[in-house]
There are 2 protein chains.
Amino acid sequence: MIEGKIDVDWDTLFAERTQQMKRSTVREILKLTARPEVISFAGGLPAPELFPVERIRQATDTVLAERGREVLQYSTSEGMPELRGLIAKRLSAGKFQIHPDNVLITSGSQQAVDMIARILLDEGDRVIVENPTYVGMMTSWRPFDLHFSPVPTDHDGMIVGELDGILAERHKIMYAIPTFQNPQGVTLSRERRVRLAQILAEHNLPLVEDDPYGELRYSGEAVPSVLQIEAESRGFSSVEGNVMYCGTFSKVLTPGLRIGWVVAASPVIDKLVQVKQATDLHTSTFNQFVSYEVARDEAFLDQHIATLRQVYRERRDLMLKTMDEHFPEEVIWTRPEGGLFLMVTMPPRLNAREILKEALAADVAFVPCDDFFVGDAGHNMFRLNYSNARPEMIVEGIKRLGAVLKAAVRE
Amino acid sequence: MIEGKIDVDWDTLFAERTQQMKRSTVREILKLTARPEVISFAGGLPAPELFPVERIRQATDTVLAERGREVLQYSTSEGMPELRGLIAKRLSAGKFQIHPDNVLITSGSQQAVDMIARILLDEGDRVIVENPTYVGMMTSWRPFDLHFSPVPTDHDGMIVGELDGILAERHKIMYAIPTFQNPQGVTLSRERRVRLAQILAEHNLPLVEDDPYGELRYSGEAVPSVLQIEAESRGFSSVEGNVMYCGTFSKVLTPGLRIGWVVAASPVIDKLVQVKQATDLHTSTFNQFVSYEVARDEAFLDQHIATLRQVYRERRDLMLKTMDEHFPEEVIWTRPEGGLFLMVTMPPRLNAREILKEALAADVAFVPCDDFFVGDAGHNMFRLNYSNARPEMIVEGIKRLGAVLKAAVRE
């Protein structure tokens, strides 16, 4: 920020809720890692060398040539009908058929999560979250002055059995990333999903199912979304339950176009459309057309996702193998079946923010996990991303980090 | 919205603030005008036949060929540095030099207006607005449960002399469209801008200067923005005053890319960046690069704006001439020097929503103005857009509307 005389005492004018806001630690760390010599496992960035640049170039040419005036004009807050239809079709399964009207297009799934808060949360509401949980959700929701009730997690995701005790008190909403969770990479088991769907119904509790990584499975058996499991277990043939499902093209096509979506019951979509109007009128017409033009070739899209899975699987395996070889035995970590992240736990006497300073001195970066936790936990944990760095960088970066960790545990 | 059994009683769950939300009347009316036979003066749409489609196609090719991996990746919340620099340069004048760090890129200027509310407004705050004012601002701000204090307007815009009385009570913020205001098309005079800048300083009152139409002047003498007049009159050499200036490419390039911006003092930008992170992480990287690639050729941009001015001037003149010929003498209207809109006032016994029904029966549409007013005024007023319809449609539509109005005043 530039220096200079400022005329107004802005701090006295900012809204009370903004006092609780702070810049995202993750994004601030990403700035520190901008030096080209740093090997960064910090971001949640897809591998840019896999972006379907030529497909997107063809799509921009096509939509501009065929419907140039339409794709550059204002459009509806709900989103492009064909794109809503495509997403509805891809998420429908068997008897559970999603109507395009139950899909709202958003500017990335972050906006979906942010808008859901705007329609549902009153000051002081109680909200159930996995612990740890996605820090970007907390950044968005914290200004509502909420009480976050944390649910502990294990290798099968949120420990759903803990919910009964928590739900003795009234809660407004639950937020979860059931599949390849950020930051741990763990996945909620099918059995727990079925039980969770029952609990949602029993308690009239809405769930925000944030699912940016669901299509990126590298091993193990696929588990349907909670949206789908709720529909199956309760016999829904349309979207009429408690789940508000947030998805995105950011991880399977490209994040730079900012195309996400919410699938939810009609009253929720109706209210979200009002907020969408107030927020930014609508998501970029052009980007919706381009994304649709690429994704409507589902054979291409599925093949592209298969390629991503193959490359990310290799990177995950390489990172895990190199960690096995170079990390000290006092350090443990998750072994995700998909997604972009794994989480490392050091001995409690070590602090991830301190270790990060030493790591940056060795030109390697990660994200400390304390901001992902409700409460004081997580100081000795950090998150590693394995999708963005090339294989040789993964090996070199993990070796550097291993040396830093070995020195730290020896002290 | 689809019908169907809904499992959850959502109405009991929605946040209190959403009770005050309603769908935008303008956007709902736009749906009614979707029939191809309707000549619509309702929207605020630019003329799509003037979109620089080929330039944008070239720009997409260039940025994808040269920096494909970068333009499709995540990027910073602040926005693309080169684009911020270009906007800063174009808005700087003489001694008043805007630093790129004082520019934040947003997803259209609607998002800028919405985010400013999020950082500044507490429940129950008093806010000063022109009367009438932009309905999209009210849609966004109304959930904060504000008290809107209306300032009357005349052919020179907001009657600034009325502010002293209003400011006897503490107000948090002022919102205004000083240039070619929506819905009236009137422009705040230079003398009033100088006085307004003084009042802002005296009362430590921030102003949201919403300026989507400023570059679209067709006649009369250009007036600098309040941002610039404040800087000139108070001797600022950088952005350090009370004005938060919102601009957009929507009216001078294309709305479909959703590129807007805020220019403001550093503490405001700093806080807005935090909200931007929480809201949607960042504005589409791709659209920022494409917009920059088109706009950095300033000779092209200025020539394109000159073309828009020429075409819109002709359409404005044609609409005014046809109104002079075909509207009954009991009806009066504004004669804007620029922008997209003029406002019509009928005799008080006529109601614009009733007249709209008759107009739609004659396949012509406009927007009633009651929603643009604070309080009960405006029932006999409506807004006409002259940028979107082709000349022959303007003549035909105004003739039809003239017939409807003549019948109505005769009743």
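On a predicted model such as this, the values are computed, not experimentally measured, just so you know.

Looking now at the sheet that holds strand E11 (residues 341-345) of chain B. All names here are of chain B. A sheet is described by the order of its strands in space; here four strands give the open sequence E10-E11-E14-E13, paired in antiparallel fashion. Either end of the sheet is taken by a strand with one partner, and the two such strands are strand E10 (332-333) and strand E13 (367-368). With two bridges joining them, E10 and E11 adopt antiparallel strand pairing. Directly across from Trp333, in E11, lies its bridge partner Val344.

Here we come to the relation of the copies chain A and chain B. The operation relating chain A to chain B is a screw motion whose rotation component is 180 degrees, with 0.0 Å of axial translation and a residual RMSD of 0.0 Å. Here the symmetry operator amounts to a two-fold rotation axis. Of every C-alpha in chain A, the one belonging to Thr60 of chain A sits nearest the axis of rotation, 3.6 Å from it. Comparing contact sets, 100% of the residues at the interface of chain A also lie at the interface in chain B, consistent with an isologous, same-surface contact.

Residues and elements named next belong to chain A. Domain boundaries in chain A define domain 1 (10-52 + 301-410) and domain 2 (70-297). The C-alpha centroid of domain 2 is placed 24 Å from the C-alpha centroid of domain 1. Each partner contributes residues to the interface: domain 1 has 34 residues there, and domain 2 has 34 residues. Looking at the side of domain 1 that touches domain 2, the elements with two or more residues in it are helix H11 (298-326) and strand E11 (341-345).

Residues and elements named next belong to chain A. Within helix H3 (residues 81-91), burial applies to Leu83, Arg84, Ile87 and Leu91. Seen along its axis, H3 keeps its buried residues to an arc of 100 degrees; they face one direction. Buried residues in H3 make contact with strand E2 (103-106), strand E9 (260-263) and helix H10 (285-295).

Residue and element names in this part refer to chain B. Closest axis-to-axis distance for the helix H3 (residues 81-91)/helix H10 (residues 285-295) pair is 9 Å, and the angle between their directions is 45 degrees. In terms of orientation, H3 lies oblique with respect to H10. Viewed along their axes, H3 and H10 form a crossing whose handedness is left-handed. Note on element contacts: H10 touches H3 through Gln288, Ser291, Tyr292 and Ala295, opposite Glu82, Leu83 and Leu86. When its residues are assigned to classes, the contact of H3 with H10 shows four nonpolar, two polar and one charged.

Calculation rules
Residues numbered from 1 in each chain as written. Chains lettered and ligands numbered in written order. Predicted model: local features only at pLDDT ≥ 70, side-chain atom pairs only at ≥ 80, totals over all residues. Pairing = 2+ DSSP bridges. Helix = DSSP H or I, 4+ residues; strand = E, 2+ residues; numbered from the N terminus. Least-squares fit on C-alpha atoms with pLDDT ≥ 70 in both. Contact = placed C-beta atoms within 7 Å. Domains from an automatic or database assignment. Buried ≥ 20, exposed ≤ 12 C-beta atoms within 10 Å, placed from the backbone. Arc of directions from axis to C-beta. Axes fitted to C-alpha atoms, helices over the stretch in contact; angles between N-to-C directions. Parallel < 35°, antiparallel > 145°, perpendicular 65-115°, else oblique. Left-handed = near helix turned anticlockwise from the far one by under 90°. Nonpolar A, V, L, I, M, F, W, Y, C, P; charged D, E, K, R; others polar.

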